[in-house]
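A look at the structure
Spelled out, the chains give:
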Amino acid sequence: SAAERAREDLARMMSDEGEELRARIERLTKDKQLLHFDLQKARSTAPASSASLSPVNDASKARIRSLTTEVESLKNKLVVSEGNAVLAQNQLRMAKHTLQIAEAEKVMLKEELEKATKT
């Protein structure tokens, strides 16, 4: 039915969104790792007393914090999206079950009507 198709489309759309979020998390995680690597490299090549490296470190640290926050936010969105997909799938199953019950009741009522009209 149209409701089933709409729910299946919704579940598929939510699944696609989850995949997009996973891919974005992977990219952000790679960016974060590269920034960590760059920061460690900069620390190892600069003298400990170098004041000129401090702004770079601060900027890198801020970027890493920002990426970490974004990754966590995306992970949360992914969990919510996956939960919504599971909910939609369960609602679809319930709707199918309700439809089956209604179909069975329809058959029973038709049989009762036929019996009543024969007598």
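Residues numbered from 1 in each chain as written. Predicted model: local features only at pLDDT ≥ 70, side-chain atom pairs only at ≥ 80, totals over all residues. Heavy atoms only, no water.

**Thoughts on the overall build of the protein chain**
A tally of helices and strands in the protein chain yields two helices and zero strands. The burial tally for the protein chain puts 19% of its 119 residues in the buried class. For the protein chain, restricting intrachain contacts to residue pairs at least 6 apart in sequence, the fraction spanning at least 24 positions comes to 84%. Total accessible area on the protein chain stands at roughly 9,000 Å², and carbon and sulfur atoms take up 57% of it. (Helix = DSSP H or I, 4+ residues; strand = E, 2+ residues; numbered from the N terminus. Buried < 20%, exposed > 50% of the residue type's maximum accessible area, 1.4 Å probe, protein only. Contact = heavy atoms within 4.5 Å. Areas by Shrake-Rupley, 256 points an atom, 1.4 Å probe, with all protein chains shown as cover.)

**Observations concerning the pattern of salt bridges**
Inspection of every chain in the model, using the stated rule, returns five salt bridges. The partner of Glu19 in a salt bridge is Arg22, with the nearest N and O atoms 2.8 Å apart. Linking Glu19 with Arg22, this pair stays in helix α1 (residues 2-45), spanning three residues, or about one helical turn. For Arg22, a relative accessible area of 30% corresponds to the partly exposed category. (Salt bridge = Lys/Arg side-chain N within 4 Å of Asp/Glu carboxyl O.)

**Points about the side chain of Ser81**
Residue placement: Ser81 occurs in helix α2 (residues 54-118). For Ser81, a relative accessible area of 5% translates into the label buried.

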